[in-house]
Amino acid sequence: MPTRIEVPIGLPNPKQPPEAPPCVTVVFGATGDLTRRKLMPALYNLAAGGHVRDRFAAVGCARRPWTRGEFAAQMRAGVEEFSRNKLDAGVWEWLEPRLDYVSGDFADPATYARLAETLAALDEKLGTAGNRLFYLAVPPDEFGTILRHLRDAGLIVAPTAKTFSRVIVEKPFGRSLETAKQLNGLVAEVLDESQTFRIDHYLGKETVQNIMVFRFANSMFEPLWNRKYVDHVQITAAETVGVGTRGKFYESTGVLRDIVQNHLLEVLTLCAMEPPNSSDADDVRGEKLKVLQALRTPWADTVPNDVVLGQYRGYRAEPDVAPDSVSPTFAAMRVFVDNWRWQGVPFYLRAGKKMAKRVTEVSFHMQPIPLSLFGSGDLCEHVEPNVLTLRIQPEEGITLSFSSKLPGHDFTVTPVVMDMKYTEAFGGEPPEAYERLLLDAMRGDATLFSRRDAVETSWQWIQPMLDYWDANPPKDLPNYDAGSWGPEAADRLMHVDRRVWRNP
Ligand code: BG6
C-alpha cells in the first residue's frame with residue numbers, strides 16, 4: 001500500500017493556492033461545446049479552489065443573441081454536467097455575478113466596442129485592472145478577424161504595458177506546415193510571442209506534467225533513460241469513442257492532424273528531451289524543440305513501412321462523413337529520434353478512435369537481460385524485460401514490472417508489478433487539464449504551451465507523411481472493427497521488429 005500523502009494534487013502548499021492576478025477572461029465562441037464542457041467547469045473549479053479571487057470576471061462572446069442571464073444559466077448547466085466537483089451553491093453564488101456576455105458578429109467593429117464597454121465596467125466594479133486573457137475557442141479561420149478587431153479596438157496592448165493582454169489559441173493550429181506558418185504570421189501581426197498561448201490540453205494533464213518530475217526529480221531513472229538500457233518506447237492514445245458529431249471536422253483532420261502532430265509529439269518530446277537548464281518556459285521548450293528537430297524525416301519510401309493507417313468500420317456511416325472517406329481514425333508508426341541518447345531506439349506511436357479500451361500511456365521497454373540463469377537443466381527460462389509504464393489516463397499512475405522468484409523450491413521466475421496509483425497516493429481525482437492551463441495563462445507562465453518554432457517543426461516533420469497518404473490513400477479502409485486494437489497491419493508493424501504492442 002503506497003504511503004498516502006496528505007497534499008491535494010497540484011497544490012504544493014494548500015494554505016496558499018497559486019492565485020491568478022486580477023483579470024478578465026474573455027471567451028470567443030462561448031456558446032460552443034468547449035466552453036460548456038471544459039472552460040466553464042475549469043473556471044468554476046479555479047474559483048472553488050481559491051485560485052481566482054475577487055478581482056476576477058469571465059465574459060462570453062459569440063453570435064447567439066443570449067442575454068447575460070441566459071449565458072449564466074447555460075454555464076451553470078455546463079458546470080453541473082461536466083465539472084469534476086459537484087456544483088456548490090456558495091461558489092456559484094460568488095461566480096455568477098462575475099459572468100457577462102456580449103453577443104455580436106466577430107467581423108463587426110460594434111461587437112468590440114460593446115466588449116470594450118463591458119470590460120471597462122468590470123474593471124470599475126471588480127478592480128480587474130485592465131488585464132485581459134482572451135480565449136479563441138473558434139475555428140482557425142476566425143483568428144485573424146478577431147485579433148485584428150481586438151487590436152483596433154485597443155483591447156490588445158503591447159507586452160511592455162503595465163497591464164497584460166494575452167491570447168489563448170485553440171488547436172488545430174493549422175492543417176499543414178504552410179497553413180501553420182500563415183497562422184503564426186497572422187498571430188504575430190497582432191501579438192508578441194510572449195502574449196501567445198497555443199494550447200495543447202495534453203500538457204495540462206497532471207500525469208503529462210509528471211513525466212518531467214518523474215525524470216528530473218528522481219536520480220535512479222535518468223541513468224537508464226537512453227539507448228543503452230531502453231529497447232523501445234510505446235506511446236498509445238486509444239479512445240473508445242468514435243467521431244460522434246464531429247464527422248465534418250474529422251473528415252478534414254484525421255488522426256494524424258488531430259492527435260499525432262500535437263498530443264503524441266508533446267508526450268514524446270517530454271519523454272525524450274535532455275534535462276533543461278531550469279524549469280523556465282523557454283529552457284523547457286528549447287529542449288523539447290531539439291527533440292522535434294532530431295526526429296527522422298518520414299520519406300516517401302519509408303512511410304509505407306513505418307506508418308499504418310486505419311479507419312473503423314462504421315465511420316463512413318457517421319453524420320457528415322463521405323461514404324467513400326479515406327480519412328484515418330487510427331495511426332500506428334515507428335519513429336526514430338536521431339540523437340546520441342536515442343539513436344536506434346524505436347518509438348512506436350499509436351492513436352485511434354473506437355478502440356478496445358480508453359487508455360493513454362507511455363511504456364519504456366527495457367533491454368532484455370544478457371543471459372538467463374534460471375530454468376531447467378537444458379532450457380533457459382524466458383525472462384520478461386522490465387517495463388516502466390506512465391499511465392496518463394485513466395487510472396493515472398506509474399507501474400514497473402520486474403521479475404521475481406515464484407515462491408517454491410525451484411527458481412521459477414515470474415513478472416510482478418509495482419503499481420503507484422494517483423488516487424491512492426494523493427486521494428481524489430487530479431485537476432482537469434484546462435484548470436491548470438487557464439491559471440498558467442493568467443499568471444503568464446507559458447511552459448505548458450506550444451511555442452511557434454515547435455509548432456512549425458512538428459508540422460515540418462509530419463508533412464511528408466501527410467503528403468504521402470494524400471497521394472497514396474490507403475486502399476483497405478475501413479480496416480478495423482470498433483472495439484478492437486486497430487488493423488492487423490499495426491500488429492505486423494511490431495511483429496517484423498519481433499515486438500508486440502502492450503494492450504493493457
Ligand atoms: C482532442 C481531439 O484534442 O483530444 C479529440 O480533437 C480527442 O479528437 C481529444 O477525442 C482527446 O482528449 P482526452 O483529454 O479525452 O484524451
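Everything below is about the structure printed above this text.
Draft legend 1. Focus on the site of the ligand. Taken together, the neighbourhood of the ligand is formed by Lys171, His201, Tyr202, Lys205, Glu239, Arg246, Asp258, His263, Lys353 and Gln393. Taking Lys171, its side chain carries an N or O atom lying 2.7 Å from an oxygen atom of the ligand. Between the ligand and Arg246 there is a distance of 2.9 Å, counted from an oxygen atom to a side-chain nitrogen or oxygen. When isolated, the ligand has an accessible area of 400 Å², and the protein chains bury 79% of it. Counted by class, the shell around the ligand contains one nonpolar, three polar and six charged residues.

Draft legend 2. Here's a closer look at the nonpolar core. Phe28 and Phe364 are the most contacted members of the largest nonpolar core, which has 150 residues in total. Apart from residues no more than four positions distant in its own chain, Phe364 is found in contact with Trp225, Val230, His232, Val233, Cys271, Trp342, Asn386, Val387, Leu388 and Leu390.

Draft legend 3. Just the pairing of strand S15 (residues 397-405), in detail. Pairing of strand S14 (residues 387-393) with S15 involves five bridges; the strand directions are antiparallel. Each bridged residue has a counterpart across the sheet, and for Leu388 the counterpart in S15 is Leu400. The antiparallel hairpin formed by S14 and S15 contains three residues in its connecting segment, where Glu395 sits at a positive phi of about 50°. In this sheet, strand S16 (residues 413-421) lies alongside S15 in antiparallel orientation, the contact comprising nine bridges. Considered in S16, the bridge of Leu400 is made with Met418.

Draft legend 4. Representation of the sheet that holds strand S11 (residues 359-366) within the structure. Here we have eight strands laid out as an open sheet, ordered S8-S9-S10-S7-S11-S14-S15-S16, and mixed in their pairing. If you trace the sheet from one side to the other, it starts and ends with strand S8 (307-310) and S16, each paired once. Sheet twist, expressed as the mean angle between neighbouring strand axes with direction ignored, is 15°. Strands in contact with helix H7 (residues 206-216) are S14 and S15; relative to S14, the strand with the most contacts, it is inclined by about 145°.

Draft legend 5. Expanded view of unusual backbone geometry. Here the residue pair Lys171 and Pro172 is connected by a cis peptide bond, since its omega of 5° sits within 30 degrees of zero. With respect to the helices and strands, the residue Pro172 is situated in the loop between strand S5 (165-169) and helix H6 (177-190). A cis amide bond, omega -10°, links Leu477 with the succeeding residue Pro478.

Draft legend 6. Examining the pairing of strand S3 (residues 99-103) more closely. The buried count for S3 comes to four of five residues, which makes it a mostly enclosed element. Pairing of strand S2 (residues 56-62) with S3, which is carried by five bridges, proceeds in the parallel orientation. Across the sheet, residue Ala62 finds its bridge partner in S3, namely Ser103.

Draft legend 7. Geometry of the pattern of salt bridges. For the structure shown, the criterion picks out 34 salt bridges. Between Asp338 and Arg296 there is a salt bridge; the shortest N-O distance is 2.9 Å. Placement of Asp338 in the loop between strand S9 (330-335) and strand S10 (347-352) and of Arg296 in the loop between helix H9 (281-294) and helix H10 (303-306) is noted, with a sequence separation of 42 residues between them. Using a relative accessible area of 33% as the deciding quantity, one classes Asp338 as partly exposed. What makes Arg296 partly exposed here is its relative accessible area of 36%. Asp306 is paired through a salt bridge with Arg334; the nearest N and O atoms lie 2.6 Å apart. In this pair, Asp306 is assigned in helix H10 and Arg334 in strand S9, connecting sequence segments 28 residues apart. Judged by relative accessible area, Arg334 falls into the buried class, the value being 12%. Residues participating in the shared-partner salt-bridge network are Arg215, Glu222, Glu274 and Arg341.

Draft legend 8. Examining the sheet that holds strand S4 (residues 132-136) more closely. Here six strands make up an open sheet; going across it, the order is S3-S2-S1-S4-S5-S6 and the pairing parallel. Two strands close off the open sheet at either side, each with one partner strand: S3 and strand S6 (196-198). Within this sheet the neighbouring strands show an average axis-to-axis angle of 20°, counted without direction.

The rules behind the values
Residues numbered from 1 in each chain as written. Predicted model: local features only at pLDDT ≥ 70, side-chain atom pairs only at ≥ 80, totals over all residues. Heavy atoms only, no water. Near = heavy atom within 4 Å. Polar contact = N/O pair within 3.5 Å; in protein donor to acceptor, adjacent residues only side chain to side chain. Areas by Shrake-Rupley, 256 points an atom, 1.4 Å probe, with all protein chains shown as cover. Nonpolar A, V, L, I, M, F, W, Y, C, P; charged D, E, K, R; others polar. Core = buried A, V, L, I, M, F, W, Y, C linked by side-chain atoms within 4.5 Å. Buried < 20%, exposed > 50% of the residue type's maximum accessible area, 1.4 Å probe, protein only. Contact = heavy atoms within 4.5 Å. Pairing = 2+ DSSP bridges. Helix = DSSP H or I, 4+ residues; strand = E, 2+ residues; numbered from the N terminus. Axes fitted to C-alpha atoms, helices over the stretch in contact; angles between N-to-C directions. Salt bridge = Lys/Arg side-chain N within 4 Å of Asp/Glu carboxyl O.

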